Structure formats: C-alpha cells, structure tokens
Protein chains: 2
Amino acid sequence: MFENSQESKTNLSELGEFGLIDHLTKNFSPKLESTIKAIGDDAAVLNFENKQTIVSTDLLVEGVHFDLAYMPLKHLGYKAVMVNLSDIYAMNGTATQITVSIAVSNRFPVQALEELYAGIQLASKIYNVDVIGGDTTSSTSGLMISVTALGIAEKEDIVYRDGAKANDLLVLTGDLGAAYMGLQVLEREKEVFKANPNSQPDLDQYTYLIERQLKPEARKDIGPLLKDLEVKPTSMIDISDGLSSEIIHLCKKSKLGANIFEEKIPLDPAVISVCEEFEIDSTMIALSGGEDYELLFTISQDDYDKIKGNPHLTVIGHMTEENEGMHLVTRANQKLPLIARGWNSMENRED
Amino acid sequence: MFENSQESKTNLSELGEFGLIDHLTKNFSPKLESTIKAIGDDAAVLNFENKQTIVSTDLLVEGVHFDLAYMPLKHLGYKAVMVNLSDIYAMNGTATQITVSIAVSNRFPVQALEELYAGIQLASKIYNVDVIGGDTTSSTSGLMISVTALGIAEKEDIVYRDGAKANDLLVLTGDLGAAYMGLQVLEREKEVFKANPNSQPDLDQYTYLIERQLKPEARKDIGPLLKDLEVKPTSMIDISDGLSSEIIHLCKKSKLGANIFEEKIPLDPAVISVCEEFEIDSTMIALSGGEDYELLFTISQDDYDKIKGNPHLTVIGHMTEENEGMHLVTRANQKLPLIARGWNSMENRED
C-alpha cells in the first residue's frame, strides 16, 4: 500500500505556486454532504446544520517532529492527518474536514510532494474526511506541515477534559509505548546505516513498533463503540505526549487526583521485549513515550460492567480527590508521584 | 499603538512547550457566543447553529513572506490574522474564530513571541474574532505562522468566485499598489542601512505605503456596507496576489472574459509619486503588486445606481463573454491581454 514511486523528478519552480496546488489537489474531490465548497475559492464552505463544530490544529516540522531519513513522505502525510483527527475523536466527535498547508524548500521535487499528498489522500479516504483547503508555499529550509481538522458532534455528546469526578475509572484504549520504541529502533538503524551503508537490517521483530511510529491510526472506532455500549465518558484526551502527561491534564482540568496501577498498563509483548533489549523500563516508556494516539477517558464506576472484558479497553486506575495527588502504584505497591516529562527528558526510574 | 517593548529576554526553553502556550494565550478570553470552548482542550468547540461555516488557512514563512529586518513582530502577528480574515470577507462572511500555530527557532526570546501574540490579540479584538487554539513548536530555522480562520454566513449571503455573469460590473474597494510599493521602500531602506547603519531615513512621505505593507486591514466593512446598499455581489475575491491575477481567477471560475480600464484603477497619490520616483509603471504595480487585501467583486448592472458615488467603491470594468478574453484597456485605448504575474516576475510594459 505504501510503495515508493519516486522515479522522475520535477523541480517545484516548473509548476509555480498555483500550478502546484492544482496539481497536488486534483484528486481531492469532496464526499461529505456537509462540504458545500472545498478547494477553489477564497475559503471553504461547510454546512453542519445544528451540530456543534470541533476544530483542532497541529504543526509538524522537519527535524523536530520527523526525520525524512526514515519517515517516508507518504507515511508522513498520513500521520499528519492522524495527529489531528485524534484530537477530534478525543472530543467524542466525528472528523469531517481538514485543511493542509505545507511550506517546502526547493530541494523537494514535485514527486516528493505527490507522495506526501498521496498519504494525505489515503488517510482522508479511510477516515472519511474531505480535504477542503490549504496553502502551499516555499520555505527557506525543510518541510513543515500544518493541518487543521474540523469535526462535528451533537452538543450532548461532546466530552471535555474537565468532566471527570472522583472515583471515576480511568480507561485506556489499545496499548502504549510502541510508537516511542519504534522511533528508538529507527534511530538506531539510522546510526548503523551511517556507519555501514551496506548493512542489511532485519527489522521483522520490530514491525509492530515501527508501524506504530510511522503509520499511527487515530481511534475513529472508539466513539461509536462507546455509543454502542451506552457509555458516555466523563472526560477524555488523546495520548500524544505520553500517559503521564495526559493524566495530569485530565486531573488539572477536572481538579482531581488519580491513581494508576503499573500492572494494569497495557503493553504489547513487542514493547516489553524491545525495552529489555534497550535496557529501558517499559513502564517509563508507557508513561512518557508519547505518539500512541490512543484515547484516555474516565467513566462512572456505574458503567464498569458495560466496558468489562472489551478487548479495546483497559481500566488502568481511578480518579481521586485533588488533595490525594497523582500517583503510579507500582507492582511492588509503592506510590510514585506522576510527573509530566517531555520527549527528551527521559530518565531511568530509581526504585 | 505598536510600540516595541523588547527589553528583557527569556529563553524559550525556560518555559517549555506547555508553559509557552499557556503564557502566550493567557490573555485570550473568548468573547463570542458561538465559541463554546476555546484554548485548553484537545480541540475547540463552536456552535454556529444553522449558519454555514467558512474556513480559510494561510501560511507565512520568514524569508519568503516577511523579513524581520523591517517587519516588527507585533505587525507580523496582526498581518497574519488579516491575511486570513480577508478570505472570509471575500466570501461575504463574518469572521468569528482563528487558530494560530507557530514554529519558531530558539533564537527568538519569549518576549519576541509576546510581541507577535500582542499583534494577534489586537487584531482579534478589533476584528471581533476569538483565538480558539493553535500549536507552538520549535523550528530548526526561522519563524513560521499558520493561521486558520473560521467564519459564518447565511447560506443565501455567501458569494463565490464563480457567480459572475457577462456584462456584470467589476467593482474594487479602496486603492491598489500601496502595499507593494511600501515593500519596495522598506527594501531600499534596508540596503541603505546595510551600507550605512548611521543613516537616518526620512520616511514621512511613505507613511501610507509602509502602513499598507506592514499593517494591512482586511475589509470587514464591505459585507455590511453592501447589505446596507442592498447589493449582493455575483462573485467576489480578495486582492492578495495583484488585481490581474484575481480578475483571471474570477473569469476562469465564472467562465467569462473581462475588460478593465486603466484610467479607472484607483491609485493613491502616494503610489503615483513613489512609482515615478522608482521609475515603475503604476498600472503594472496595481495589476501585479499584491498584498492590498482589498475586495474585488462583480455586481449586476441593475445595481449600479446603488453603489454609484460610494467613496469605498470603484467600478473598474465589466465582465464579457469568455471568448472575448481578459483585457486591460489603456488610457491610449489599446487592449492588452491580462496575464497573471507572480510577485517576482515584474517587467516594464512595452507600449
């Protein structure tokens, strides 16, 4: 699906700015009834009738958020869309439209941008969103992608970060840490390749990790699943910066504390084994790794029976009163305070 | 109003990404009834009831769209908002919300970003739009600003590019060419300053030109004015790339031709005199200069009496059948074909 077809090269200046936009977006035909006018006017026009509108925006910058040494452009386009849709799903909304703006240096041939847009188009097809606009401009260095996503929801369905109550259960979709460890594997292979360009890496055992890093999927399925289960979360957030940081956001916005249990944190076996290989604490990776694009939400304890045993959902802890603080309860039953850690401030836990 | 208060310097890394967003947006409190949730969740939530939603997005890149040698950051923030609001007004909509994302290198102290956001805040206050979200990230070089604007309109009020009819009048707001000539003056002063840092430029006679370049205003007033006059344009576009290019857009979308009359193109006296000084054809500047953020629209001839004599509006020509082509009729009554010219492809006219 994600083949590389970069054969011939056309210089960007051959097309010019208008030609480039037309060229890159010629296959983007709107599908949704709510898209009245997409690309081709001063602005797009949408008709959401009496639903509420949800808006989210994210920037991805070369050298900061991605490294083209191992990130194929088609994957990058796909991921740029996912990062934004994930925020719409974290509001319990339905993503409907996106705008995509890129700033790109002349070192990229037109075919590279076609790859990027092929990934954007694939994502918009699979996730049923229309690409309704954007801007394409030159940059003095590197590639930058700015995506704004729009979505809709009935007013009563929208879930904010601030609605959790003490004793609510903390529930997580999927598993954590794989995207971050996928990045570690790719970074290591890049160093190996630099040292020996003829080395043939065997990455089979890392497939899941690398896929989670290069081609994450936003949890479009969770909103409808919860609707089927007749559960409305009391608060929700997506995991872009690591579990720890997201729990802290929910606690602060809801003015609560939380306990999460180390033994409950869902990890894929591939994450456990690669963490052993890299000699990193897998719990720390789950807490601080980020880029998993899973959803973290709280539900009333009364709803526990409705979600119990669902393979997509794991209860990892519960909310407490604010003065109890935010803690990880370890397998050894120690209570460690949760700390928001940035991407680069990883340390080994001392316990 | 636009004073420079860059005194102390705080390194960006001292605040960190979350601290920076909180810091820069702490004064942005939403004012509009349609803004249900602004900054502080995964996404913003808006309630447009049964109005249609208008969405526009633009990227501004340092070294491509602006030069910080003469563009104060507060003006840049203001202008970044204007560029986007102009697109909403060009749909005959009311701008309501914006998202602002910036990528910025560490060479900028926090105080520089505060200046940038002060300009954004001033624009949002004057134009009555809420800042509802955004993203702040580091860049490997330079500054990049991505703004997405949302607006609303009743379905029947929205004006597209493709609704013009043959014989409709072409109407322009304000005057043209000043923003481009302001840029020429600033570029010249930059060279003078490089050659002699002690030179004291006297820019008084260029005030209007420089203001049009550094602090453009979007035509928020035109929609309500036309409503008062009971005129609904048949097509509309904003002047971001120069009159010639915008007329060509209207013609192509509406499948028509057009004649515009050189003697009708509104020019400020300051533009005429600076064009003489620079020995540039002022008509060429109006046609190709860009960044004026005026509105160009078409109206039925039946509506002529309603707009006649209005100081904001000038009839510059009329639409024709497509096969008649797109022409400038010169003062000497020559018919020259209109050509879309880019910012850098200015040539002296041979006539």
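Everything numeric here is computed off the predicted structure, so don't read it as measured data.

Can you help me understand the UniProt feature "domain: PurM-like N-terminal" (unreviewed entry) in chain A in this one?
With numbering aligned to this structure, UniProt lists the feature "domain: PurM-like N-terminal" (unreviewed entry) at residues 40-153 of chain A. A distance of 27 Å separates the end C-alpha atoms of residues 40-153 of chain A, which is 30% helix and 39% strand.

Would you take a moment to explain the UniProt feature "binding site: Mg(2+) 5" (unreviewed entry) in chain A for this structure?
Residue and element names in this part refer to chain A. Summarizing the sequence annotation, UniProt attributes the feature "binding site: Mg(2+) 5" (unreviewed entry) to Asp241 in the numbering used throughout. Inspection of the secondary structure assignment puts Asp241 in the loop between β8 (235-238) and α7 (243-254). Since its relative accessible area comes to 29%, Asp241 is described here as partly exposed.

Explain the pattern of salt bridges here, please?
Note on pairing: side chains with opposite charge can pair once their charged atoms come close. Overall, the coordinates contain 32 salt bridges over all chains when judged by the stated rule. Lys37 of chain B is paired through a salt bridge with Asp162 of chain A; the nearest N and O atoms lie 4.0 Å apart. Here Asp162 of chain A lies in the loop between β6 (143-153) and β7 (169-173) and Lys37 of chain B lies in strand β1 (residues 35-37), a pairing that spans two chains. A relative accessible area of 37% means that Asp162 of chain A is categorised as partly exposed. Lys51 of chain B is the partner of Glu154 of chain B in a salt bridge, and the nearest nitrogen-oxygen pair spans 3.9 Å. Of this pair, Glu154 of chain B sits in the loop between β6 (143-153) and β7 (169-173) while Lys51 of chain B sits in the loop between β2 (44-46) and β3 (52-61); the two residues are 103 residues apart in sequence, bridging distant segments of the chain. For Glu154 of chain B, a relative accessible area of 32% gives the class partly exposed.

In this structure, what is going on with the side chain of Ser124 of chain B? I would like to understand it.
Residue and element names in this part refer to chain B. By secondary structure assignment, the location of Ser124 is in helix α3 (residues 110-126). The exposure class assigned to Ser124 is buried, which follows from its relative accessible area of 8%. Within the local environment of Ser124, its side chain forms a polar contact with the backbone oxygen of Gln121, the two atoms lying 2.8 Å apart. Leaving out residues up to four positions away in the same chain, Ser124 has contacts with Val129 and Val131.

In this structure, what is going on with the relation of the copies chain A and chain B? I would like to understand it.
In this arrangement, two copies of a chain are superimposed by a rotation about an axis accompanied by a shift along the axis. It takes a turn of 180° to lay chain A on chain B, together with a shift of 0.0 Å along the axis; the resulting RMSD is 0.0 Å. In the structure described here, the two chain copies are related by an operation that fits a two-fold rotation axis. Within chain A, Asn50 of chain A has its C-alpha nearest the rotation axis, a separation of 2.6 Å. Residue by residue, 100% of the interface of chain A is reproduced at the interface of chain B, so both copies engage with the same surface.

How should I be thinking about the interface of chain A and chain B in this particular structure?
Often, the extent of an interface is quoted as the loss of accessible area on bringing the components together. Each partner contributes residues to the interface: chain A has 57 residues there, and chain B has 57 residues. Carbon and sulfur atoms make up 54% of the surface buried where chain A meets chain B, a total of about 4200 Å² over both sides. By the criterion of area lost to chain B, the three top residues of chain A are Asp42, Val55 and Leu59 of chain A, representing 15% of everything that side buries. For the pair chain A and chain B, the interface holds six salt bridges. For the salt bridge of Asp41 of chain A with Arg161 of chain B, the shortest nitrogen-to-oxygen distance reads 3.6 Å. Where chain A touches chain B, the interface holds 18 residue pairs in polar contact (both at pLDDT 80 or more). Looking at which element gives the most residues to the side of chain A that touches chain B, the answer is strand β3 (residues 52-61) of chain A, with nine residues. A class-by-class count of the residues in the side of chain A that touches chain B yields 23 nonpolar, 21 polar and 13 charged. For β3 of chain A and β2 of chain B, the ladder comprises three bridges, and the chain directions are antiparallel. In the strand pairing of β2 of chain B, Val55 of chain A is matched with Ala44 of chain B.

Even after reading the chapter, I still don't get the sheet that holds β1 of chain B, so can you show me in this structure?
Strand pairing within a sheet occurs via backbone hydrogen bonds; the two strands may be parallel or antiparallel. The sheet built from six strands is open, its strands ordered β5(A)-β4(A)-β6(A)-β3(A)-β2(B)-β1(B) with mixed pairing. The open sheet is flanked by β5 (130-138) of chain A together with β1 of chain B, the only strands paired with a single partner. Pairwise comparison of adjacent strand axes, ignoring direction, gives a mean angle of 20° for this sheet. The pairing of strand β4 (residues 94-104) of chain A with β5 of chain A spans eight bridges and is classified as parallel. Note on β5 of chain A: the bridge partner recorded for Ile102 of chain A is Thr136 of chain A. Against the sheet, helix α3 (residues 110-126) of chain A engages β4, β5 and β6 of chain A, with an angle of about 170° to β4 of chain A.

Teacher, can you tell me more about the side chain of Glu294 of chain A here?
All names here are of chain A. Among the structural elements, Glu294 can be located in the loop between α9 (282-288) and β10 (295-299). At 2.9 Å, the side chain of Glu294 and the side chain of Arg219 are in polar contact. Once residues lying within four places of it in the same chain are set aside, the contact partners of Glu294 are Thr173, Gly174, Asp175, Leu176, Arg212, Arg219, Ile237, Asp238 and Ile239.

Rules of the game
- Residues numbered from 1 in each chain as written.
- Chains lettered and ligands numbered in written order.
- Predicted model: local features only at pLDDT ≥ 70, side-chain atom pairs only at ≥ 80, totals over all residues.
- Heavy atoms only, no water.
- UniProt positions renumbered as here; feature names shortened; annotations may be inferred.
- Helix = DSSP H or I, 4+ residues; strand = E, 2+ residues; numbered from the N terminus.
- Buried < 20%, exposed > 50% of the residue type's maximum accessible area, 1.4 Å probe, protein only.
- Salt bridge = Lys/Arg side-chain N within 4 Å of Asp/Glu carboxyl O.
- Polar contact = N/O pair within 3.5 Å; in protein donor to acceptor, adjacent residues only side chain to side chain.
- Contact = heavy atoms within 4.5 Å.
- Least-squares fit on C-alpha atoms with pLDDT ≥ 70 in both.
- Buried area = accessible area lost by both parts, 1.4 Å probe.
- Nonpolar A, V, L, I, M, F, W, Y, C, P; charged D, E, K, R; others polar.
- Pairing = 2+ DSSP bridges.
- Axes fitted to C-alpha atoms, helices over the stretch in contact; angles between N-to-C directions.

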